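The residues making up each chain are set out below.
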Amino acid sequence: MSDAFYGTFDRHNEGKGLKGHTTHYCAGCGHGLAHKYLAEAIDELGIQDQTVTVNPVGCAAFLHFYLDTGHSSTAHGRAAATAVGHKVANPDAMVVCYQGDGDLAAIGLAETIATAQLGLPITVLFINNAIYGMTGGQMAPTTLMGQITTTSPDGRDRLTGGPIRMAELIAQLDGPVYVERVALFSPAERKKAKRAIKKALLMQKERRGYAFVEVLAECPTHFKTTPEKAMEWVKEQMVPIYPLGVKKDANFEPWFEMPKPTFDPATFLKAVGASSEKPAGFCKGFPTHIHATDISLKLAGSGGDGAQTVAMLIAKAAINEGFDGTHIPAYGPESRGGTSYADVHVALEEVHNPASPNPDIFVAFNAPSLAKFGHTVRPGGTIIYDSAVAKDVKPVDPTVRVVGVPFTDIAAGLGKMVVKNIVALGALQAATEIFPQETLLATLRDTLKEKAALIPLNEKAFAMGAEAAREAMKK
Amino acid sequence: MSQANTRPKPFLLPDYCKGCGRCVHVCVQGCISFTQEINPLTGMVPVTLDLAKCTGCGLCIEACPEPYGLKAMEAGESFELQDPATLFGARRSTAPEPVDIPGRVIPMPSSEPLVIKGTYAAALGALMAGCRHVFGYPITPSTEGAELMAKLLPKMDGFYLQAVSEVATVYHMYGCGGAGLPSLTFTSSPGLSLMLEGISYMIAAELPGVFIDIMRGGPGLGNIGPDQGDVKLACRGLGHGNTHAITLMPSTPQEMLDLTYLAFELSFKYRNPVMVMADGYLGQMTGKVKLPDHMVEPGLPAWGVYGDLNHRGNLNSSVFLDEATMETRNLKLFDKYEQMKSEARAECFQAEDAEILLVACNTPSRASKGAAQKLREQGARVGLFRPITIWPFPIEQLLPLLPRLKQIVVVEASKNQIEDELRLALSHAGITDPPPITHVQRYGGILPKENEVVAHVQNLLGRA
Ligand code: SF4
Ligand code: SF4
Ligand code: SF4
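Cut-off values and rules
Residues numbered from 1 in each chain as written. Chains lettered and ligands numbered in written order. Predicted model: local features only at pLDDT ≥ 70, side-chain atom pairs only at ≥ 80, totals over all residues. Heavy atoms only, no water. pLDDT = per-residue confidence, 0-100. Near = heavy atom within 4 Å. 1 Å grid on protein atoms, 1.4 Å probe; cavity = no way out; pocket = protein on both sides within 12 Å on 5 of 7 lines; lining within 4 Å. Sits in = over half its atoms within 2 Å of the grid points. Nonpolar A, V, L, I, M, F, W, Y, C, P; charged D, E, K, R; others polar. Domains from an automatic or database assignment. Contact = heavy atoms within 4.5 Å. Buried area = accessible area lost by both parts, 1.4 Å probe. Salt bridge = Lys/Arg side-chain N within 4 Å of Asp/Glu carboxyl O. Polar contact = N/O pair within 3.5 Å; in protein donor to acceptor, adjacent residues only side chain to side chain. Axes fitted to C-alpha atoms, helices over the stretch in contact; angles between N-to-C directions. Helix = DSSP H or I, 4+ residues; strand = E, 2+ residues; numbered from the N terminus. Parallel < 35°, antiparallel > 145°, perpendicular 65-115°, else oblique. Left-handed = near helix turned anticlockwise from the far one by under 90°. Phe/Tyr/Trp six-rings, centres within 6.5 Å; stacked < 30°, edge-to-face > 60°. Lys NZ or Arg CZ within 6 Å of the ring centre and 35° of its normal. Buried < 20%, exposed > 50% of the residue type's maximum accessible area, 1.4 Å probe, protein only. Core = buried A, V, L, I, M, F, W, Y, C linked by side-chain atoms within 4.5 Å. Pairing = 2+ DSSP bridges. Expected span 1.5 Å × (residues − 1).

(A) Geometry of the confidence of the model for chain B. Averaged over all residues, the pLDDT of chain B is 94; the fraction at 70 or higher stands at 95%. Confidence estimates for the predicted assembly give a pTM of 0.95 and an ipTM of 0.95.

Dropping the structure here:
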């Protein structure tokens, strides 16, 4: 008797009476033997303390009655996914998935395959008895052709599909290191079964990978026969469909290793790019000439115009100056190809509503954007638009200032269309004086610090945009 | 292994034999035979052993499926010894009583505010709360959070795993949370629907985990516009059974960080999942985010199934076949839900003297704030009540405002989902005559706008 079994099965009817030392399985059920070989292998490998079994839904749902290891009882079909969670939480844990055919090969098929292919060292024991035992003998994915079950009363036929060979399926994946199908009907097969289960655990212990043992097991109750006949049935009916033997035995070197998580503040701050240096401020005060406490902007163009980048720069600049700033991009399909627009707020204390239905400042990169949002600008606001692409601007509220700057032409002149948005930023600065030039330039330089070579070009674009805006306003 | 001549012979307590006969067929010596006699204790028909010819080959022992069935009789043991306690030892288990390994709070050097989007802020909140395991399945508009985690976690020796589905995701969390460690996922509405089964299991097994749901337009595949149509799932529909989880409703990128951080604390405090629900706008919204002044290195709770000696005796489970036991389990959960009510939080904005109270969460609360301010400028006494926890609903914080109120206006991007929480909370608090409740709602991936709220209130005032 293996030490990996509890001394008394307290969880089985509180261990009272006979249940304290017997299983809940039917006489001759294959589960008992699989449990026993698992327990013995755990003993022999000395891994009892590390072992976590992931218990299925099915007749073996009560594995935790018997094995003196950690237990995680999970939902039908989800053992593999649960096992992965345990393994990555503690890479030293020996995680055993114990699953029946409905669990592993029907409802949990996606998790089964994905986990096998992931290949983390996990040991899977797949108990294939060609039937749903716990729910009362319904057809399983592994039910044989012609086999009568409560949901294939005339025998499984072509219309209900054929038996699925999991060991072969798993073996053809790259992830697993070892796959074998075994049976329990004779001393020789039982010996192989025990050996396979131990080897599957060893593959995990040695960090070589995922191992899968399919056990052809007897369910005398739903085969509606004696334990003896059930063994014969497995041998004569199941084995021809489910050939026994090793399906994969790869020579993986031990590879599995996961570092211990770090909780070092410096590492974290560096990773997230946080800095303890206060950015330089250039503002004398909040730009109250635009709005007393909360300035709203909208920037709109087509996908590649860089409206979002400029929006972000303005929000960042605001925060660098000690104000509040927000930026909401229009995202998703509407940002693909079509119009891309951004709402920005700059507030003295707190941005209340980050949307800009009636912006103080509107930057339009093309004619459709101008047409779409031009009329939403609040009286007394400012529109800055690309006069190289938007001609014949429709009149808006006479109190709204409209400044046309040829963003595209200027950028083309600089030989880099991508700086069109920085031209626009320069124009916006000159037209509105929302912030001093230096505020925006410092933020721009900071954003480009990893691509320092681009800074001079961007500064030039900014300056030319500003200059063009001043020119335009003189007219 | 024993020598051939001293190989142990089998021994069997008939009470532990189910008479399956697996042993009978393997004994070539014919030592084991079926009987006809029913064991009165078990109702089974055990086999009988006659070991005169037994060679001690052991095949029968290997064939017996019962852990305490046929066993090798070691030297010194005797047939007569029938007391299982003596025979098998009185131990249930040699596993020790598990103990808590406490976590650590690590002070952080102060840093300048970051300018980041909501999903990023939530990710940083999780990292600072000690989360190093993130699982997820990509779904817009929540993907940026997962992408940032995939980038940052390796730098902190953590692990991001892209699951095969949302269904698998929640069970990765079941496993990782079950081991006693913090874990997180980012998802969006259709993904949350898929996770509900697992959330029910996590609640039942009392496992922690934080779910960030960036709500989008539905039902069905819907669209990726901002929405609040998952509120009823979080408050009333976390899978089957009597489930609840604290549900936090941030309204700024800063709160995305702060409330995610808080979510981990609450998740472990109550051993229950915690939901952080944001609309798609908030997920994408960039704003000022200040980092907390400390971060957490999590410990290892006593109850975790970690896979070590300390935790060997543990079990995470939601299966309690005995109805009375399952009812007790339910009562235990209800007790916890009651305690969670102390976590209810709300923000009041210009609410003290308000006659018209807007009630809103997430981004609609910001549109409402804007509206409240505009309406104040027009002389109307309008305030905002913003539940930060939508479950438990912060009714205690609302009650003192009620006497002054002439109207309540619920602003939400769903069909009555927030309003129903308010109405239920009022009803449970015994408020039979609340002020009239009207609403401003948009659906299908559209948020209510500030001017719609303003117009609605102006309309109410005109009528009044
Ligand atoms: S129903 Fe079948 S699988 Fe289930 S315990 Fe009985 S024999 Fe075993
Ligand atoms: S040990 Fe061998 S010989 Fe003895 S009873 Fe068992 S099977 Fe028969
Ligand atoms: S194998 Fe075990 S349970 Fe089955 S008849 Fe023999 S002793 Fe009894």
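(B) Summary view of the site of ligand 3. All names here are of chain B. Looking at ligand 3, the residues that line it are Leu-12, Cys-17, Lys-18, Gly-19, Cys-20, Gly-21, Cys-23, Val-47, Cys-64, Pro-65 and Leu-70. A molecule is said to occupy a pocket when more than half its atoms come within 2 Å of that pocket's grid points, and by this definition ligand 3 occupies the largest cavity. Tallied by class, residues from the shell around ligand 3 come to 8 nonpolar, 2 polar and 1 charged.

(C) The arrangement of the site of ligand 2 in detail. Residue and element names in this part refer to chain B. Near ligand 2 you find Pro-10, Cys-27, Gln-29, Cys-31, Leu-51, Cys-54, Thr-55, Gly-56, Cys-57, Gly-58 and Cys-60, and these make up its full shell. Given that more than half its atoms are within 2 Å of the pocket grid, ligand 2 belongs to the second largest cavity. Of the residues belonging to the shell around ligand 2, the class tally is 7 nonpolar, 4 polar and no charged.

(D) View of the domain arrangement of chain B. Residue and element names in this part refer to chain B. Looking at the assigned domains, one finds that chain B contains domain 1 (3-80), domain 2 (104-343) and domain 3 (346-463). The gap between the C-alpha centroids of domain 2 and domain 3 is 28 Å. On the side of domain 3, 26 residues touch domain 2, which itself brings 36 residues to the contact. When domain 2 packs against domain 3, the two sides together hide about 2,300 Å² of surface, and 54% of this comes from carbon and sulfur. When the area that domain 2 buries against domain 3 is broken down by residue, the three leading residues are Gln-228, Arg-236 and Met-249, summing to 26%. The salt bridge partner of Arg-236 is Glu-421, with a shortest N-O separation of 2.7 Å. Inspection of the domain 2/domain 3 interface yields 21 residue pairs in polar contact (both at pLDDT 80 or more).

(E) Examining the packing of helix H4 (residues 118-128) of chain B against helix H9 (residues 253-269) of chain B more closely. All names here are of chain B. The N-to-C vectors of H4 and H9 enclose an angle of 30 degrees; their axes lie 7 Å apart at closest approach. In this view, H4 runs roughly parallel relative to H9, as classed from their interaxial angle. The element H4 and its partner H9 pack so that their crossing is right-handed. Only Pro-253, Met-256, Leu-257, Thr-260, Tyr-261 and Phe-264 of H9 make contact with H4, whose side of the interface consists of Gly-118, Thr-119, Ala-121, Ala-122, Leu-124, Gly-125, Ala-126 and Met-128.

(F) Expanded view of the packing of aromatic side chains. Inspection of every chain in the model, using the stated rule, returns 18 aromatic pairs over all chains. An aromatic cluster is built from A:Phe9, A:Tyr25, A:Phe62, A:Phe65, A:Tyr66 and B:Tyr68, whose rings are joined through pairwise contacts. The positively charged end of A:Lys298 is found above the aromatic ring belonging to A:Phe373, 4.6 Å away from the centroid.

(G) Examining the side chain of A:Asn366 more closely. Residue and element names in this part refer to chain A. By secondary structure assignment, the location of Asn-366 is in the loop between strand E11 (361-364) and helix H11 (367-373). Given a relative accessible area of 15%, Asn-366 falls into the buried group. Only 2.5 Å separates the side chain of Asn-366 from the side chain of Ser-369, close enough to count as a polar contact. The residues contacting Asn-366, other than those within four sequence positions of it, are Ala-300, Gly-301, Ser-302, Asp-305, Val-389 and Ala-390.

(H) Geometry of the nonpolar core. Formed by 144 residues in total, the largest nonpolar core has its most connected members in A:Phe212, A:Phe268, B:Leu124, B:Met149, B:Leu184, B:Ile199 and B:Leu398. If we skip the residues at most four places from it in the chain, B:Ile199 touches B:Val170, B:Leu192, B:Phe211, B:Leu238, B:Pro273 and B:Met275. A:Leu299, A:Leu448, A:Phe462 and A:Ala468 belong to the second-largest nonpolar core, a separate cluster that totals 49 residues.

(I) The sheet that holds strand E6 (residues 211-216) of chain A, seen in detail. Ordered by their spatial adjacency, 8 strands build an open sheet running E7(A)-E5(A)-E6(A)-E4(A)-E3(A)-E1(A)-E2(A)-E15(B), and the pairing between neighbours is mixed. Looking at the sheet topology across the chains shown, the edges are occupied by strand E7 (245-249) of chain A together with strand E15 (315-316) of chain B. Two strands pair when backbone bridges link them, and strand E5 (residues 178-183) of chain A and E7(A) are joined in this way by 4 bridges, in the antiparallel orientation. Each residue of the ladder has a partner; that of A:Arg181, found in E7(A), is A:Gly245. On top of the sheet, helix H6 (residues 187-205) of chain A reaches strand E3 (94-100), strand E4 (123-128), E5, E6 and E7 of chain A; it is set at about 155 degrees to E5(A), its chief contact.

(J) Focus on the pattern of salt bridges. Per the counting criterion, the structure on display carries 42 salt bridges over all chains. With its nearest N and O atoms 3.8 Å apart, the salt bridge here joins A:Glu467 to A:Arg470. One end of the pair, A:Glu467, and the other, A:Arg470, are both in helix H15 (residues 455-474), 3 residues apart, so they sit about a helical turn from each other. Judged by its relative accessible area of 38%, A:Glu467 is partly exposed. Among the salt bridges present, the one from B:Lys269 reaches B:Glu343, with a minimum N-O distance of 2.8 Å. One end of the pair, B:Lys269, is in helix H9; the other, B:Glu343, is in the loop between helix H11 (323-340) and strand E16 (346-349), and 74 residues separate them in sequence.

(K) Summary view of the side chain of B:Ser365. Residues and elements named next belong to chain B. Relative to the assigned elements, Ser-365 resides in helix H12 (residues 362-377). From its side chain, Ser-365 meets the backbone oxygen of Asn-362 in a polar contact 2.5 Å long. Non-local contacts of Ser-365, meaning those with residues more than four positions away in its chain, are made with Ser-251, Ala-360, Leu-384 and Arg-386.

(L) View of helix H13 (residues 420-432) of chain A. Residues and elements named next belong to chain A. With 13 residues, H13 extends 18 Å between its outermost C-alpha atoms, agreeing within 8% with the 18 Å of an ideal straight helix rising 1.5 Å per residue. Counted residue by residue, H13 has 13 buried out of 13 residues, so it is predominantly covered. Within two residues after H13, Glu-433 carries a phi angle of roughly 50 degrees, on the positive side.

(M) Expanded view of the interface of chain A and chain B. Counting from both sides, the interface comprises 101 residues of chain A and, opposite them, 98 residues of chain B. Summed over both partners, the interface of chain A with chain B buries about 8,500 Å², with 63% contributed by carbon and sulfur atoms. On the surface where chain A and chain B come into contact, there are 5 salt bridges. The partner of B:Lys369 in a salt bridge is A:Glu350, with the nearest N and O atoms 3.0 Å apart.

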